[in-house]
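Here is how the chains run, residue by residue.
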Amino acid sequence: MKNKSRRVRKAVLPAAGLGTRFLPATKAQPKEMLPVVDKPLIQYVVEECLASGIDNIIIVTGRGKNAIEDHFDNSPELERFLENKGKTEQVEMVRSISHMVHFSYTRQKEPLGLGDAVLTARELVGDEPFAVLLGDVIIPGPFPATKQIAEVYEETGLGTIAVEPVPMERTYLYGVIDGQPAEESRWGKRLLRIRDLVEKPRPANAPSNLAVTGRYVLPPEIFDCLERISPGSGDEIQLTDGLRLLAKEQGLYALEYEGRSYDAGDKLGFLKATVEIALQNSEFGGDFRNYLRGLKL
């Protein structure tokens, strides 16, 4: 039998949620299109895919999400307007967005959970490994988290998820892993074999303080796992339950990745991401820093 390729060239970006935590801002626009400084949330995630060697992005959308497709599509009217104004740099910037990678779209007809959103992309993914990136988590930096976990998968053949330590008193906000040190590898103590995953455990019941960060590289067998699990809370198909089954049947790694994430999934996290990413901006970060220092806080 021919060995399956381990190269991770596809990514699934679930973007069908209703964004209720950002109402009323998301009443008429997708949460994924909310701008952090000068780019929508989902563009940061797409750029991470590009920097990770992924050349095919599958976005799972729903009703009212047309703005996402429009953002990554050609915009000849806007390009002509900018050209007529002599704004050549902006023309190139707009064109580059629509030529980043190959985009495909599929619809999740009802918001039935993250696991169901991933399952919706099955036909487009096919029989190959793929990444899953949550659009409300931004992980900037020169060595993307997705690339880090893709390298683990490509070397080991086992699904890998990104984790990071969080304060024990905040474990109830995350999925948390129960892991044990993996066999010797170039990742050392940062690579763990997952025994179980617990969704939002109370601190007293948390098996560790290593939280799932919203970046996954998974084998195609995850689809069968998702089809076999029963709906959980809210009658939704939970990705965590599918991962638990995958860990039991095939094995699953967690990598404590190098870098820092910004949780833009709630209003406070969104504000923190905006401020910190603005401070890193080469054009106006210094002026913004001086402005913040001058505030009477």
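Predicted, not measured: the structure shown is a model, and the values here were computed from it. (Residues numbered from 1 in each chain as written. Predicted model: local features only at pLDDT ≥ 70, side-chain atom pairs only at ≥ 80, totals over all residues. Heavy atoms only, no water.)

A closer look at the packing of helix α10 (residues 267-279) against helix α11 (residues 285-293)
At a minimum axis separation of 7 Å, α10 and α11 run at an interaxial angle of 125 degrees. In terms of orientation, α10 and α11 fall into the oblique class. Contact residues: Val275, Ala278 and Leu279 in α10; Gly285, Phe288, Arg289 and Leu292 in α11. Counted by class, the contact of α10 with α11 contains 5 nonpolar, 1 polar and 1 charged residues. (Axes fitted to C-alpha atoms, helices over the stretch in contact; angles between N-to-C directions. Helix = DSSP H or I, 4+ residues; strand = E, 2+ residues; numbered from the N terminus. Parallel < 35°, antiparallel > 145°, perpendicular 65-115°, else oblique. Contact = heavy atoms within 4.5 Å. Nonpolar A, V, L, I, M, F, W, Y, C, P; charged D, E, K, R; others polar.)

Things to note about the pattern of salt bridges
For the structure shown, the criterion picks out 17 salt bridges. Two residues, Glu155 and Arg186, come together in a salt bridge whose shortest N-O distance is 3.1 Å. Of the two residues, Glu155 sits in helix α7 (residues 145-156) while Arg186 sits in the loop between β9 (175-181) and β10 (191-199), which places them 31 residues apart along the sequence. Among the residues examined, Glu155 registers a relative accessible area of 44% and is labelled partly exposed. Among the ionic pairs, Glu258 bridges to Arg190, the shortest N-O distance being 3.7 Å. Pair noted here: Glu258 is in the loop between β12 (252-256) and β13 (262-263) and Arg190 is in the loop between β9 and β10, with a separation of 68 residues, a long-range link. (Salt bridge = Lys/Arg side-chain N within 4 Å of Asp/Glu carboxyl O. Buried < 20%, exposed > 50% of the residue type's maximum accessible area, 1.4 Å probe, protein only.)

What to know about the packing of aromatic side chains
The full count for this structure, using the stated rule, is 5 aromatic pairs. Between the aromatic rings of Phe130 and Phe223, the centroid separation amounts to 5.1 Å while the plane-to-plane angle is 5 degrees, which identifies the pairing as stacked. Taken together, the positions of Phe130 in strand β6 (residues 130-133) and Phe223 in helix α8 (residues 221-228) put the pair 93 residues apart, joining distant regions of the chain. With a relative accessible area of 0%, Phe130 lands in the buried category. Ring geometry for Phe288 against Tyr291: centres 6.3 Å apart, planes inclined by 15 degrees, an arrangement best described as stacked. Residue Phe288 and its partner Tyr291 are both found in helix α11; the two are separated by 3 residues, about one turn of the helix. Aromatic ring contacts, followed pair by pair, group Phe72, Phe103 and Tyr105 into a single cluster. Taking NZ or CZ as reference, Lys39 lies 4.6 Å from the ring centre of Tyr44, over its face. One Lys or Arg, Arg193, reaches over the ring of Tyr253 and ends 5.6 Å from the middle of that ring. (Phe/Tyr/Trp six-rings, centres within 6.5 Å; stacked < 30°, edge-to-face > 60°. Lys NZ or Arg CZ within 6 Å of the ring centre and 35° of its normal.)

Thoughts on the confidence of the model for the chain
Residues of the chain with pLDDT of at least 70 account for 97%, and the chain-wide mean is 89. When mean pLDDT is compared element by element in the chain, β6 scores highest at 97, while helix α4 (residues 88-98) scores lowest at 72. (pLDDT = per-residue confidence, 0-100.)

What to know about the pairing of strand β11 (residues 210-218)
Counting buried residues in β11 gives 9 out of 9 residues, a clear majority hidden from the surface. By the bridge criterion, 4 bridges tie β6 to β11 in an arrangement that is antiparallel. Directly across from Ala131, in β11, lies its bridge partner Val217. When strand β8 (residues 159-165) meets β11, the two strands line up antiparallel, connected through 5 bridges. Bridge assignment links Glu164 to a residue of β11, and that residue is Ala211. (Pairing = 2+ DSSP bridges.)

A closer look at the side chain of Ser52
Relative to the elements of secondary structure, Ser52 occurs in the loop between α1 (41-51) and β4 (56-61). Judged by relative accessible area, Ser52 falls into the buried class, the value being 8%. A polar atom in the side chain of Ser52 sits 2.8 Å from the backbone oxygen of Glu48. At 3.2 Å, the side chain of Ser52 forms a polar contact with the backbone nitrogen of Lys147. Each residue touching Ser52, except ones within four places of it in the same chain, is listed here: Pro144, Thr146 and Lys147. (Polar contact = N/O pair within 3.5 Å; in protein donor to acceptor, adjacent residues only side chain to side chain.)

Regarding the pairing of β12
Among the 5 residues of β12, 4 are classified as buried, and the element is accordingly described as predominantly covered. Alignment of β8 against β12, held across 5 bridges, turns out to be parallel. Bridging across to β12, Val163 finds its partner in Glu256. Sheet topology places β10 next to β12; 3 bridges connect them, and they run antiparallel.

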